[in-house]
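Residue-level structural notes
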Amino acid sequence: MKYPLVLLGCSAALVAFVQPVSAKSAAEIEAVARSVSVEMISGVGSGVLVHRQGDLYTVITNRHVVCVEKKLCDESGVRSSYQLKTNDGQKYQVGRSAIKLLKDAGGNKLDLAIVQFRSSRNYAVAQVAEPGSLKVGDAVYTAGFPKGEGFLFGQGEAQAVVNKRLVGDRGGYTVVYDANTLPGMSGGGAFNNEGRLVAIHGQGDRFTDNTEAGSSYAKAEVGGKIGLNRGIPIRWVVQGLGAGGIVVGNRRLPRAVQEGAVAAATADEFFIAGFNKFVEPGDDVQAGREEAVRLLSRSITLNPKYVIAYSTRAYVNELLGNYFPALADYNQVIEILALKRDAFNPKLASACNNRGVLKQYKLNDPQGALSDYNQAISLNPNFARAYYNRGNLKDDLNDLQGALADYNQAIFLNPKYANAYTNRGNLKATKLKDHRGALADFDQAIILNPNLAEAYVNRGVLKYADLNDRPNGIQDLRIAARLYRSQGNTAKAQQIRDILRQLGVSE
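Throughout what follows, the structure given in this document is the object of discussion. (Residues numbered from 1 in each chain as written. Predicted model: local features only at pLDDT ≥ 70, side-chain atom pairs only at ≥ 80, totals over all residues. Heavy atoms only, no water.)

1. With respect to the packing of aromatic side chains
- Taken as a whole and assessed by the stated rule, the structure comprises 13 aromatic pairs.
- For the pair Tyr388 and Tyr407, a centre-to-centre distance of 6.4 Å together with 55 degrees between the ring planes defines the contact as tilted. Here Tyr388, found in helix 10 (residues 384-396), pairs with Tyr407, found in helix 11 (residues 400-413); they are 19 residues apart in sequence, far enough to count as distant. There is no split in this pair, since Tyr388 and Tyr407 are both buried.
- Clustering of aromatic rings is evident, with ring pairs tying together Phe271, Phe275, Phe278, Tyr306 and Tyr315.
- Between Arg230 and the ring centre of Tyr173, over which it is positioned, the NZ or CZ distance is 3.9 Å.
- Above the face of the Trp236 ring, Arg235 is positioned so that its terminal group lies 5.8 Å from the ring centre. (Phe/Tyr/Trp six-rings, centres within 6.5 Å; stacked < 30°, edge-to-face > 60°. Helix = DSSP H or I, 4+ residues; strand = E, 2+ residues; numbered from the N terminus. Buried < 20%, exposed > 50% of the residue type's maximum accessible area, 1.4 Å probe, protein only. Lys NZ or Arg CZ within 6 Å of the ring centre and 35° of its normal.)

2. Observations concerning the state of the cysteines
- All told, the structure shown has one disulfide when counted by the stated rule.
- Bridging Cys67 to Cys73, the disulfide has an S-S length of 1.9 Å. Taking the sign of the torsion about the S-S bond as the criterion, the disulfide between Cys67 and Cys73, at about -75 degrees, is left-handed.
- Residue Cys73 is classed as buried on the basis of its relative accessible area of 13%. (Disulfide = S-S within 2.5 Å.)

3. Looking at the sheet that holds strand 15 (residues 229-233)
- Read once around its circumference, the closed barrel built from six strands follows the order 9-10-12-15-14-13, with strand pairing classed as antiparallel. On average, each strand axis in the sheet is inclined to that of its neighbour by 45 degrees, with strand direction left out of account.
- Two elements, strand 9 (residues 139-144) and strand 10 (residues 152-161), share six bridges in a ladder whose sense is antiparallel. Along strand 10, the bridge assignment pairs Val140 with Gly156. (Pairing = 2+ DSSP bridges. Axes fitted to C-alpha atoms, helices over the stretch in contact; angles between N-to-C directions.)

4. Digging into empty space enclosed by the protein
- Here the largest cavity is characterised by a volume of approximately 50 Å³.
- Lining the largest cavity are Gly132, Ser133, Leu134, Val161, Asn163, Val175, Val198, Pro233, Ile234 and Arg235.
- Looking at the lining of the largest cavity residue by residue, the class counts come to six nonpolar, three polar and one charged. (1 Å grid on protein atoms, 1.4 Å probe; cavity = no way out; pocket = protein on both sides within 12 Å on 5 of 7 lines; lining within 4 Å. Points joined across faces, edges and corners; volume = space filled by probe spheres on them. Nonpolar A, V, L, I, M, F, W, Y, C, P; charged D, E, K, R; others polar.)

5. Some thoughts on the nonpolar core
- One finds Val176, Phe271, Ile272, Phe275, Phe278, Tyr306 and Ile496 to be the most contacted residues of the largest nonpolar core, which totals 72 residues.
- Among the elements that take part in this core, helix 6 (residues 307-320) stands out by supplying nine residues, more than any other.
- Not counting residues up to four positions away in its chain, the partners in contact with Ile272 are Ala160, Val161, Val162, Leu166, Tyr173, Thr174, Val175 and Val176.
- Among the nonpolar cores identified, the runner-up in size contains 28 residues, and Ile29, Val50, Phe145 and Ile234 belong to it. (Core = buried A, V, L, I, M, F, W, Y, C linked by side-chain atoms within 4.5 Å. Contact = heavy atoms within 4.5 Å.)

6. What to know about the sheet that holds strand 8 (residues 109-118)
- With antiparallel pairing, the seven strands of this open sheet are ordered in space as 6-5-2-3-4-8-7. In this open sheet, the two strands that pair with only one neighbour each are strand 6 (91-95) and strand 7 (99-103). Strand-to-strand twist in this sheet, taken as the mean axis angle between neighbours without regard to direction, amounts to 35 degrees.
- Where strand 3 (residues 45-53) lies against strand 4 (residues 56-61), five bridges are found, and the strand directions are antiparallel. When the sheet's bridge partners are listed, His51 is paired in strand 4 with Thr58.
- Each of strand 2 (37-40) and strand 3 is contacted by helix 1 (residues 26-36), which is oriented at about 45 degrees to strand 2, the strand it contacts most.

7. With respect to the pattern of salt bridges
- Taken as a whole and assessed by the stated rule, the structure comprises 24 salt bridges.
- A salt bridge links Glu157 to Lys347; the nearest nitrogen and oxygen atoms lie 3.3 Å apart. Residue Glu157 is found in strand 10, and its partner Lys347 is found in helix 8 (residues 346-361); the two are separated by 190 residues along the sequence.
- One salt bridge connects Arg294 with Glu291, and the closest N-O pair in it is separated by 2.8 Å. Taken together, the residues span about one helical turn, with Arg294 and Glu291 both in helix 5 (residues 285-302) at a distance of three residues.
- Residue classification places Arg294 among the partly exposed positions, given a relative accessible area of 40%. (Salt bridge = Lys/Arg side-chain N within 4 Å of Asp/Glu carboxyl O.)

If you want it as structure tokens, here you go:
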């Protein structure tokens with residue numbers, strides 16, 4: 001079995017703005033981000049230290065991180081106590097009274113909260129960027145604590161920025177960027193190239209939320225999801241802090257832009273509204289995705305060269321089963337980006353990779369997919385995802401040595417690529433009959449990602465059937481069933497339970 005992945009009263013205080021300085025290196029920004037980042041343990045998320053007054057520290061995070069049900073709750077839904085961990089490893093426990101939910105100047109909910117704790121230790125606090133200073137194309141650096149993976153720092157750029165609340169923005173999400181993030185980084189900081197806080201990261205697109213997560217298509221990696229994330233810009237952070245008693249600077253905010261209907265929106269506003277709807281489609285997922293396509297189409301009408309709108313619409317259309325419209329969008333993206341004629345073009349490489357995935361899994365065009373993967377790798381020789389996807393395709397085409405070479409290269413480029421270890425182990429176990437090599441790969445995949453159920457399945461089958469280690473093989477299958485169930489994949493969980501019953505054992 002292959003495991004693939006396709007691709008959300010405090011005391012008054014003062015935070016001062018500082019004048020712009022020269023840009024810092026990525027390493028310097030990472031050091032700044034690490035020093036002010038906080039792991040939100042109880043709610044599984046991240047936060048940023050934004051103020052100190054005496055021994056009282058204020059952390060800003062997402063509202064949904066401190067809510068019991070991970071939604072935009074009111075005060076009644078906040079956890080009764082909370083634990084967080086600072087960068088020096090110290091843990092702090094606070095009660096509900098130390099947690100405040102934030103709103104904007106109009107009294108509208110923001111997906112923001114503050115958590116306060118006391119400490120005699122000396123911690124750095126984040127410098128806040130000028131509200132409204134973030135522009136499309138600016139560098140954005142994300143920081144936070146993915147569950148079980150420690151601190152993660154990502155780099156990208158702002159793709160869309162809107163300086164007003166949008167109807168349906170669900171908490172102030174009016175910034176979209178492409179820096180790397182993972183689940184658990186919600187509430188973490190997004191920083192500019194001066195190391196100043198420009199947004200609070202909230203959510204990215206999540207393929208695992210869609211109905212195809214258990215299908216063969218889920219093994220393909222599409223643009224690392226689609227590679228986009230959304231955040232709450234510093235304007236709303238500043239307003240929310242002010243409403244919570246933390247006054248920012250002596251100067252007034254730039255003139256507020258009033259909340260407006262999407263009907264009056266610019267291309268960026270339609271795009272962000274569509275992306276927000278994609279991330280949170282509502283109870284009727286099909287209808288929500290269809291609305292996302294409609295909004296994205298409006299953005300493209302206003303800006304026919306809007307590459308990320310085409311890419312996002314293509315991806316949402318795939319989820320809706322509209323494969324040929326998705327193909328047309330990927331074709332358009334590739335045509336627009338190809339005009340730049342860059343020898344090294346990661347965005348064009350990503351588009352070729354994504355079109356290859358569509359051709360391979362939905363349009364039954366393996367040779368077309370192979371051509372697209374080849375082109376992606378030619379444009380970006382360090383593109384681990386494209387090697388991984390091409391390895392999957394070659395495996396399916398019985399080019400076993402070619403598949404092995406591609407998995408090897410994906411792992412060389414990304415030594416923490418748990419899915420690539422799993423698929424390489426599966427290739428070794430089932431077709432190359434290298435059982436010890438397969439076991440080593442499954443072991444490594446599980447070390448890298450202890451929640452990777454498919455790796456436990458494959459290792460369990462290998463131990464039981466080929467390595468004469470039946471007790472441990474059964475134990476791995478039991479772990480896999482529990483993981484699938486906890487991850488909401490009931491079909492896979494039932495499949496493993498059926499296998500265990502056939503072996504005459506219970507889960």
